[in-house]
Amino acid sequence: MAEADHKILSAEIKLGSQYYFYMETQTALAVPDEDNCIVVYSSIQAPEDAQSTISRCLGIPEHKVRVITRRVGGGFGGKAMKAIPVATACALAAYNLRRPVRMYMNRKTDMKTTGGRHPMEVTYSVGFKEDGKITALHLDILINAGIGVDISPIIPLFMVGAIKKYDWGAFSFDIKVCRTNHSSKSAMRGPREVQGTFISEAVIEHVASVLSMDVDSVRINNLHTFNSLDFFCKGAAGELKEYTLPSIWDNIFGDGSVAVEVGGIELGQGLWTKVKQLTEFSLSAIKCDGMGDFLEKIRIIQADTLSLIQGGLTAGSTTSECSCEAVRICCNILVERLAPIKEKLQEQMGSVEWDILILEAMRQAVNLSASSYYVPDSFSMQYLNYGVASLNLAVDLRQVADTQKHADSAADLAVVDYDTQNLEPLILSVEEAVRKSSFFEVHSPLKPKQVGDFSKGMAEADQKILSVEYYLYMETQTALAIPDEDNCIVVYSSSQCPEFAHTTISRCLGIPEHNVSVITRRVGGGFGGKGFRAMPVIATACAVAAYKLQRPVRIYMNRKTDMIIARGRHPMKITYSVGFKSDGKITVLHLDILINAGIFVDVSPIMPHHIVETLKKCDWGALSFDIKLCKTNHSSKSAMRAPGEVQATFIAEAVIEHVAATLSLDVDSVRSKNLHNFNSLVFFFEGSAGEPVEYTLASIWNKLAISSSFKERTEKV
């Protein structure tokens, strides 16, 4: 001030408030979910903060709260903090009522509650030279924050930052954030920058007016040089050669809970449980204190084809392990990221709690999400199963109510005209299919290979012999399709392979795959019947109807219709020839198998491969076969719990029992004679038998016979 030629003392500026006037007022929709969870659709700019607030308000972990924001119909800062009370109140009502709740404000209520921009009273004193160069500026600012704190504490710091856009020579201030009984003020489009800029320009114009100078010449005189910028911004000015302002003038989960999403579908087989347990085990490697109830912090999220692509087909008893391996890789990535932070905390604190570790990781901006994609090798599906089971059966017979009256009435009104001209005779048996050469082709690599020399095996033999199930899952086929904006559609499907349904629906509707979301939470029984059957008949038909009508459509089948359409396991006709020694050792087996595939191919081409691979569980000496997939006019057959394996096991056991009966030998002694040794296993499986030291099947068989007291129990029976 001492250097100034002129001074302006205690000039006043009053800045009023400003209301938000977005098109869409404050709104939220909350939907209670299973497992004590809740989903909140909120028009909010900070969904993560809403999630945290709702979690604390409801007294549930954050992983049980899902806040979804697609887009916001105008915000300007008014839907940052101010949307949280609306979302939380909506969630609380829905959580207590156990029903969906929607809240929205009319314009008058919205303008009363959201507050708007901070009003201010500003008093300033400024000293300046004759040429308009300002030498000192002092500000006294009173900020009306309203009754609640909201974001008000950040206003002084950022407002001062905005005022520093000019070189004031020296700059001092006294800023007070005042608590009043007005509604609390919040962030509003450029909070603090707008007021700071207004104050700066008011001072510049006042100086220009006193000196009777052009206001732009005063602005130019007070633009920063590189040195003044470095002085005002404490080293954040960059490099001298980069400074070009004058030339520019002339011519940018905090509570430690864990959410896991996997491509595998929960069918009741415990996939989610396995994944949850492995997540706990893998993340426990970080060795934090207080992780005793860590399993309760983990939530497995439903499969969604838009958030997790390439989920694949859940089948074959390997998806659980594949999902677990993918999760293990992700957990290892997270542990690797957290380990350095934990070591530093341990040096400072001695013991480190998991929640403290996660808070520190978030503070340091460590990425706390990881993804991986795991595909097993081709041998993962080629394994032999031997099992012993004990069963206690309780049968609960209950009546099932039929609620399909409206659907049945509509079906009765439908009239279908059939064109009966030029129809070919129906093929209803595999024998007719053979006569008319009606087959589906099996391509490599699904085509199985013969094992050994059939003629040689027959020559070595002492003796020779020459010679349907339905799906009954609890939940029938069902789907719900909901049209979405931007030409999109969401389909909730009881499907074992949502990825295939996703692709089929996309092709059928003629829209990109990213416009289709197929969601499968869990399946009420599948057994393979909801692999491909749930895809074209139900999910796609439901999607087409919803897409055309532009309204939600749900389809579900009654039990009778389901059994007619889904059909089930492949019927087969088998002719076999087998040669064997007097001690029951089989030297050769030949099979002629006719598989009734029905009218469409479905999964039928995989059947020969699966049958042959399962038959290889015994050492047949040599194994040859002729397998035909017969195309008939029956409904097409599909995958059914262990497709091919069940039939092949039946065939193998039938052959073993036939040989035992022919020789009048105990059937278990014939089984034992035809168990693989290491060399035969290598011969049949071409090098995938492992190491000789690992081969223990024969000893396991003997120990099992002793420990199970099989002979004693047989005698008692």
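Higher on the page you've got the structure.
Just so we're clear, the structure is a prediction, and the values are computed from it rather than from any experiment. (Residues numbered from 1 in each chain as written. Predicted model: local features only at pLDDT ≥ 70, side-chain atom pairs only at ≥ 80, totals over all residues. Heavy atoms only, no water.)

(A) Structural view of the pattern of salt bridges. Under the defined criterion, the tally for this structure stands at 21 salt bridges. Notably, a salt bridge pairs Glu 24 with Lys 79, separated by 2.9 Å at the nearest N-O pair. In this pair, Glu 24 sits in the loop between strand S1 (6–15) and strand S2 (27–33) while Lys 79 sits in the loop between strand S4 (65–68) and helix H2 (83–97), placing the two residues 55 residues apart along the sequence. Assessed through its relative accessible area of 27%, Glu 24 is described here as partly exposed. You can call Lys 79 buried: its relative accessible area is 0%. Close ionic contact of Glu 325 with Arg 328 constitutes a salt bridge, the shortest N to O distance being 2.8 Å. A residue pair is termed a helical-turn pair when its members lie 3 or 4 positions apart in one helix, as Glu 325 and Arg 328 do in helix H10 (residues 319–349) at 3 residues. Under the relative-accessibility criterion, Arg 328 is labelled partly exposed at 33%. (Salt bridge = Lys/Arg side-chain N within 4 Å of Asp/Glu carboxyl O. Helix = DSSP H or I, 4+ residues; strand = E, 2+ residues; numbered from the N terminus. Buried < 20%, exposed > 50% of the residue type's maximum accessible area, 1.4 Å probe, protein only.)

(B) Geometry of the side chain of Thr 478. Within the secondary structure, Thr 478 is located in strand S14 (residues 478–484). By relative accessible area, which is 14% here, Thr 478 ends up buried. Only 3.1 Å separates the side chain of Thr 478 from the backbone oxygen of Ile 555, close enough to count as a polar contact. Apart from residues no more than four positions distant in its own chain, Thr 478 is found in contact with Ser 493, Ser 494, Ile 538, Arg 554, Ile 555 and Tyr 556. (Polar contact = N/O pair within 3.5 Å; in protein donor to acceptor, adjacent residues only side chain to side chain. Contact = heavy atoms within 4.5 Å.)

(C) Geometry of the side chain of Arg 117. With respect to the element layout, Arg 117 can be found in the loop between helix H3 (107–114) and strand S6 (120–128). Salt bridges are absent for the buried Arg 117, whose nearest opposite-charge side chain, Glu 193, sits at 7.1 Å. A distance of 2.9 Å separates a polar atom in the side chain of Arg 117 from a polar atom in the side chain of Gln 18. At 3.1 Å, the side chain of Arg 117 and the backbone oxygen of Met 188 are in polar contact. Not counting residues up to four positions away in its chain, the partners in contact with Arg 117 are Ser 17, Gln 18, Lys 185, Met 188, Arg 189, Gly 190, Pro 191, Val 194 and Gln 195. (Lys, Arg positive; Asp, Glu negative; His and termini not counted.)

(D) Structural view of the packing of helix H4 (residues 155–163) against helix H5 (residues 193–211). For the pair H4 and H5, the least separation of the axes is 8 Å and the interaxial angle reads 40 degrees. Classed by the angle they form, the pair H4 and H5 counts as oblique. For H4 against H5, the interelement crossing comes out right-handed. The segment H4 lies against H5, with Met 159, Ala 162 and Ile 163 engaging Glu 193, Gln 195, Gly 196, Ile 199 and Ser 200. Looking at the contact of H4 with H5 residue by residue, the class counts come to 4 nonpolar, 3 polar and 1 charged. (Axes fitted to C-alpha atoms, helices over the stretch in contact; angles between N-to-C directions. Parallel < 35°, antiparallel > 145°, perpendicular 65-115°, else oblique. Left-handed = near helix turned anticlockwise from the far one by under 90°. Nonpolar A, V, L, I, M, F, W, Y, C, P; charged D, E, K, R; others polar.)

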